[in-house]
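Residues per chain are reported as follows:
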Amino acid sequence: MIQFNTPEWFFLLPLLLATGWKYRRLRLASPLRLLLQTCLLLALAQPALDRGGKDMDLWVLVDQSNSTAGIPAAGAEEIQAILERHKHAGDRVRLVDFAQSAVLRGRGDPVFAGEPPERTWNRPWPIPWP
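Reading guide: rules and limits
Residues numbered from 1 in each chain as written. Predicted model: local features only at pLDDT ≥ 70, side-chain atom pairs only at ≥ 80, totals over all residues. Heavy atoms only, no water. Helix = DSSP H or I, 4+ residues; strand = E, 2+ residues; numbered from the N terminus. Buried < 20%, exposed > 50% of the residue type's maximum accessible area, 1.4 Å probe, protein only. Contact = heavy atoms within 4.5 Å. 1 Å grid on protein atoms, 1.4 Å probe; cavity = no way out; pocket = protein on both sides within 12 Å on 5 of 7 lines; lining within 4 Å. Points joined across faces, edges and corners; volume = space filled by probe spheres on them. Nonpolar A, V, L, I, M, F, W, Y, C, P; charged D, E, K, R; others polar. Expected span 1.5 Å × (residues − 1). Arc of directions from axis to C-beta.

S.K.: In this structure, what is going on with the overall build of the chain? I would like to understand it.
M.R.: Within the chain, the regular secondary structure consists of four helices and six strands. Within the span of the chain, comprising 130 residues, buried residues form 14% of the whole. Put simply, 56% of the contacts in the chain that link residues at least 6 apart link residues at least 24 apart.

Next up, the structure:
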């Protein structure tokens, strides 16, 4: 289906019709000028062809770090159940647990592997100024 990103340009159509009717010497109704006006109006309206589906992927990030004391993990199951009830056909809900690294819940697939602990905790603290 064709959509127009800036359909407000079509408000010029009555203005062009009134101008062509009032000032006939401009010959706005001649075939070439009419074609040019139509092409210009369509180009300004920015037509876009919607080729994609309406499916949506929702990625919910759940913080599993020690600082949260497991609070987000407890509510994540309820949130997932609510989202599963209200999703449309073709939509997907994915929960990603993250702390040191990110893991896709239910699969154990690593989404992002962070730095190993020995590289993050061996930095001097506080960082000395140069």
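From this point, things continue past the structure.
S.K.: Looking at this structure, how should I read the layout of surface pockets?
M.R.: Unoccupied space between atoms shows up once a probe the size of one water molecule is rolled over them. In this structure, the largest pocket encloses a volume near 200 Å³. Along its surface, the largest pocket is lined by Leu 13, Leu 16, Leu 17, Gly 20, Arg 27, Leu 28, Ala 29, Leu 34, Gln 37, Thr 38 and Leu 41. Secondary-structure elements contributing two or more residues to the lining of the largest pocket are α1 (12–22) and α2 (31–45). Looking at the lining of the largest pocket residue by residue, the class counts come to seven nonpolar, three polar and one charged.

S.K.: Which parts of the structure should I look at to understand unusual backbone geometry?
M.R.: Backbone geometry at Arg 27 places phi at a positive 50°, although glycine is not the residue there. Locating Arg 27 in the fold gives a position in the loop between α1 and α2. A positive phi angle, near 50°, is found at Gln 46, a position not held by glycine. Note on placement: Gln 46 falls in the loop between α2 and β2 (47–49).

S.K.: Whenever I open this one, α2 confuses me. Can you help?
M.R.: An α-helical segment advances 3.6 residues per turn. Residues three or four places apart therefore align on the same side. Counted at 1.5 Å a residue, the expected span for α2 with its 15 residues is 21 Å, and the 21 Å between its end C-alpha atoms agrees. By the burial criterion, the buried members of α2 are Gln 37, Leu 41 and Ala 45. Angular distribution of buried residues about the axis of α2 spans 65°; they occupy a single face of the element. Seen from the open side of α2, the exposed residues pointing more than 90 degrees away from its buried face are Pro 31, Leu 32, Leu 35, Leu 36, Leu 40 and Ala 43. As for α2, its buried residues are in contact with β1 (2–4), α1 and β2. Positioned one or two residues after α2, Gln 46 has a phi angle of 50°, which is positive.

S.K.: Help me understand the environment of Asn 5 in this model?
M.R.: Looking at where Asn 5 falls in the secondary structure, it is placed in the loop between β1 and α1. Sequence spacing of Asn 5 and Ala 48 is 43 residues, and the spatial spacing of their C-alpha atoms is 7.0 Å. Apart from residues lying up to four places away in sequence, Asn 5 is in contact with Ala 45, Gln 46 and Ala 48.

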